[in-house]
Structures are given as C-alpha cells and as structure tokens.
Amino acid sequence: MRKIQTLKVFSVIGAFLVGFWVPLRLIGYLTDSSVEIMFDLLISLVAGANIYLYFSTTKRSIKDYRSWLNLGLLCDVICLMPLSLFGLLLFNTTYSGLLLFNLLAARHVKHIKSFLDQFDNLQPIVYRLVPIFVMLPILIHLAACAWIGLGSGSAGPDPDKLFEYVKAMYWAFTTLTTVGYGDISAKTMSQMIFTCGVQVIGVGLFGFILSNVAGLLARQDAAREHHMDNLDKIETYMVSHHIPNEMRTKVRSYYHYMWQNKKGYQDHSIIEDLPKKIQSELIFHINKPILEKVPFLKGASRELVEELMNELETRVYVPGERVFKAGDVGDAMYFIHKGQVDILTKDDKLIATLGEGFFFGEMALIFEGPRTAGVVAKQFCDLYVLKKESFAHVCDKYPEFLDHIHKVVQQRAG
Ligand code: CMP
C-alpha cells in the first residue's frame, strides 16, 4: 500500500513537471539536450509508474488483452518510449511532433484526487481546493505557451524569452479570467480562434472555481450560517405577525444565548447516520461538561458515568419558563449545567433555589407520585434531562446511584 501511495505522489509531481516542461520545449524554450534527456527519462518513469498503478490498483490482468484496450493505457505505453531519442533517429533532431505524445503524461496530475483520498482527516476544503490549485497553473501555462507558439498576438515575439513568457502568462491569465484588458490582443486568424477557445474555457472554468470557492466559504462557517438563517426567518415571522417589541427582544436573546453557548446545531439527528459506537462517543463528549459540575458523578464509576452520559438529553429553558408544575406527573429528572431554577410550592412560594451541579425532579420518580413542587427557570438554563425509563434502568444497574439519590431525597424531605 505504501508503494502505491509513493507511486501516486511521484506520478503527480512528475506529471506536474512534464505539464510545465513539454509546452515550453514545444515552443523552443529549454532546448538544452541534457535537460531534454532528463525529462524524457522522467516521462518514461511517470508512464511506467502509471502502467503499474493501472494493473495493481484495478482487478485487471496484464495477460488479458481486453485490459489493454484502454486509451489512457495506450498513451502511457507511448510515453514509456524515449521519444526524444526516436526524434533524433528519425528526424535528426530531438525536437519533433512526437513530443506532443509526452504531453499526455501530464494528465496524471489528476491522481492528486485519489492521493488526497488516502488521508482520512483532511478538511473538505482541502479536497476541493488542492486539485484546482494544482491543475490551474498547468492550464494557464499551456495557454501561455500556445499563445507564444501562435506569435504572441499584438505583443509580438520578444528577444527576452523570460519577458515574452511573462507577457504570455499575463495574457493567458487576463483572458482565462475574462478580465481581458485588451493591451495584448489577437492579430491573426489563428490567434483569434485560439483566444475565443481560451475565453470559452475561462468562463466555464472560473465560473466553476468561483462558485466552488464561494460555496466553500459559505459552508466553512455552516453553524453561523444556520444561526443567521434562523434569525432571519424568525425576524420575518415576528414582523409579519406584528409581535410586540418586548417579545421580540426575548426571542432574540434566546437565539443569542443559543449561539453563545451551543454554537448552532442542537439536534442530534445530525449524527444519526454515524455508527452507534461513534454516536455514543460523541454524545458522551457533548454531555461531559456535566461531569465536572455534579460532585457525585465526579467520584462515580466509569461504567455508571458512561451509561448516564448516553442517556442524557440537553434542554434549554428561558428565564421565567416553567419546567413543570407541582402535582404534574413526573417523567424525568434534571441536572443543572448552567443557570439557576426556583423550587416553588403549589402557591408559588419559594422553597429553594438550585444552581449549577444540582439536580431536581428525582422525588416523583423515586416515589412514583406527582411532583412535590414546581420548578421555574430563574435565568437561561442548560439542563440535562434523564428520562423516567432511563432513570429506572440506571438505578437498577447501579445501586450506588439510587443510594445517592435516596440520601438527597432524605435531606430535602427532612
Ligand atoms: P419532584 O417532586 O419530582 O419535583 C419537584 C422537585 O423539587 C423535587 O422532585 C425535588 O427535586 C425538588 N425539591 C423539592 N423540595 C426541595 C427542597 N426542599 N430543596 C431542594 N429541592 C427540592
């Protein structure tokens, strides 16, 4: 596997260099014969690496003639041959149209995608942008070299090769991006036709890149987008229903609290597609902060904590919101992660105020009776809810949890 990865990296780098060198060579730059032989060797190696990859990463057999009926493979076989040498033998010069075949080896830059696929922890933006930024310079370079080959338009040939190339790159860039200042323009018919082609490719390509980049930037902060989207919708809703200002302020402060404390996504359905094990690890991680807050949980066994963490659900209450009334049927107990709640009698007299790390709602579950008191959120509250069935399950499995709850109940009742 390591060999395959190395070959892919080699293939991408080699193809990239070939994509730069061959067009330059075709327009008569870098004519040094030692450079030529070096690149000829590099091209043969890139082609050889790709033939190997073709047979080793697919189920194709080298002996099966049908495997060879592949255009890409035939191109590689041609590139495997020392074409400069053939040029020398056939035309008495290393330079020949045969070099065009070598350009075919440059198409292997596309392996950058399968190379990136090997990494399992890259951010999506890397998968999308790296291939674009590897292939784009080759395309601009190709257009620039072709432009020089066609006579460089109104700029004309320049004795300074480097300056001529920079001018052609400038032309290619402004034409591909459809900026087209017009200071360098087509003069001959072939230049005009070529310019039209480059412009058409430019419109499609840069449209594609821009939409991708814009999409990526928007998705980069998906949570904030989601939050802003919710704010916009709720604002429109409140305006269309003529909601009074005081109520609007309440709604906005709820969204503000949610954003400050939860950063957007609340719904666990977002992780539903994940395997159960990863889901429970994630939920454990999300619920972990409550561990720090509840003294009993800090000292509890790992199994009990894990079980509890997987059963807890988070819920947010706004100031003044009733969690339940005295006399209601008890369906859950609550751990306070953030904020404070008031425990009130039936006639709304204050019994106690509970803050971070405390729990409530356990009595109705233990005695299987109605709620002994009502509970109202005093501030914005982050509560972790343990449903009745889960409570029963945890109590059955971990008597130490039940003992602790009993002790607290006795203190409160006494
Ligand atoms: P439950 O009866 O299910 O619902 C009301 C809750 O208020 C109760 O459980 C306890 O958790 C809590 N509670 C009742 N009395 C007190 C008290 N004196 N001090 C703190 N909490 C209490």
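Read on for an overview of the structure. (Residues numbered from 1 in each chain as written. Predicted model: local features only at pLDDT ≥ 70, side-chain atom pairs only at ≥ 80, totals over all residues. Heavy atoms only, no water.)

**Looking at the overall build of the chain**
Then, number 1: When you go through the chain residue by residue, the secondary structure sums to 18 helices and 8 strands.
Then, number 2: Each of the 414 residues in the chain was classed as buried or not, and the buried ones make up 40%.
Then, number 3: Within the chain, contacts between residues separated by at least 24 positions form 71% of all contacts whose residues are at least 6 apart in sequence.
Then, number 4: Surface accessibility of the chain: about 23,600 Å² in total, with carbon and sulfur atoms responsible for 63%.
Then, number 5: Charged side chains in the chain number 42 positive and 41 negative. The centres of these two groups are separated by 3 Å. (Helix = DSSP H or I, 4+ residues; strand = E, 2+ residues; numbered from the N terminus. Buried < 20%, exposed > 50% of the residue type's maximum accessible area, 1.4 Å probe, protein only. Contact = heavy atoms within 4.5 Å. Areas by Shrake-Rupley, 256 points an atom, 1.4 Å probe, with all protein chains shown as cover. Lys, Arg positive; Asp, Glu negative; His and termini not counted. Charge placed at Lys NZ, Arg CZ, Asp CG, Glu CD.)

**As for the site of the ligand**
Then, number 1: Gly-361, Glu-362, Ala-364, Arg-371 and Thr-372 are the nearest of the 13 residues found near the ligand.
Then, number 2: Note that an oxygen atom of the ligand is positioned 2.9 Å from one of the backbone N or O atoms of Ala-364.
Then, number 3: Coverage of the ligand by the protein amounts to 90% of the 450 Å² it exposes when considered alone.
Then, number 4: Those elements giving two or more residues to the shell around the ligand turn out to be β5 (350-354) and α16 (363-366).
Then, number 5: Split into classes, the residues belonging to the shell around the ligand amount to 8 nonpolar, 2 polar and 3 charged. (Near = heavy atom within 4 Å. Polar contact = N/O pair within 3.5 Å; in protein donor to acceptor, adjacent residues only side chain to side chain. Nonpolar A, V, L, I, M, F, W, Y, C, P; charged D, E, K, R; others polar.)

**Some points on the pairing of strand β3 (residues 332-338)**
Then, number 1: When you tally the buried positions in β3, you get 6 out of 7 residues, the bulk of the element.
Then, number 2: Of the pairings in the sheet, the one linking β3 to strand β8 (residues 381-387) comprises 6 bridges and is antiparallel in character. The residue of β8 that forms the bridge with Ile-336 is Leu-383.
Then, number 3: In this sheet, strand β6 (residues 359-360) lies alongside β3 in antiparallel orientation, the contact comprising 2 bridges. Across the sheet, the residue bridging to Phe-335 is Phe-359, located in β6. (Pairing = 2+ DSSP bridges.)

**So, the sheet that holds strand β7 (residues 374-377)**
Then, number 1: Spatial strand order, β2-β7-β4-β5: 4 strands in an open sheet with antiparallel pairing. Single-partner strands in this sheet number two, and they are β2 (322-324) and β5. Here the strands of the sheet are splayed against their neighbours by 25° on average, with no regard to which way each runs. (Axes fitted to C-alpha atoms, helices over the stretch in contact; angles between N-to-C directions.)

**Focus on the packing of aromatic side chains**
Then, number 1: Under the criterion given, the structure shown has 16 aromatic pairs.
Then, number 2: The interplanar angle of 25° and the centroid separation of 5.9 Å between the aromatic rings of Trp-171 and Phe-194 together place this pair among those described as stacked. Separated by 23 residues along the polypeptide, Trp-171 in helix α8 (residues 161-176) and Phe-194 in helix α9 (residues 189-220) bring together distant segments of the chain.
Then, number 3: Ring geometry for Tyr-334 against Phe-360: centres 5.0 Å apart, planes inclined by 10°, an arrangement best described as stacked. Placement of the pair is Tyr-334 in strand β3 and Phe-360 in strand β6, with a sequence separation of 26 residues. Like Tyr-334, the residue Phe-360 is buried in the burial classification.
Then, number 4: Through a chain of ring-to-ring contacts, three or more aromatic side chains come together here, namely Tyr-54, Phe-55 and Trp-68. (Phe/Tyr/Trp six-rings, centres within 6.5 Å; stacked < 30°, edge-to-face > 60°.)

**Side note on the nonpolar core**
The nonpolar side chains of a soluble globular protein tend to be buried, and buried together.
Then, number 1: Among the nonpolar cores identified, the biggest contains 28 residues, and Met-333, Phe-335, Phe-391 and Phe-401 are the most heavily contacted of them.
Then, number 2: At the level of elements, α13 (289-293), α14 (295-299), α15 (302-311), β3, α16, β8, α17 (388-397) and α18 (399-413) are the ones that each hand at least two residues to this core.
Then, number 3: Setting aside its immediate chain neighbours within four residues, Phe-391 contacts Met-333, Leu-365, Ile-366, Leu-386, Phe-401 and Ile-405.
Then, number 4: By size, the runner-up hydrophobic cluster in this structure holds 20 residues, among which are Leu-24, Cys-145, Tyr-165 and Leu-176. (Core = buried A, V, L, I, M, F, W, Y, C linked by side-chain atoms within 4.5 Å.)

**Considering a nonpolar patch on the surface**
Then, number 1: Taken together, the side chains of Met-81, Leu-85, Phe-86, Leu-88, Leu-89, Leu-90 and Phe-91 present a nonpolar region at the surface, about 690 Å² in accessible area.
Then, number 2: With respect to the helices and strands, Leu-90 occurs in helix α4 (residues 83-91).
Then, number 3: For Leu-90, a relative accessible area of 62% puts it in the exposed group. (Patch = residues over 30% accessible without salt bridge, like charges linked within 9 Å, V, L, I, M, F, W, Y side chains within 5 Å. Salt bridge = Lys/Arg side-chain N within 4 Å of Asp/Glu carboxyl O.)

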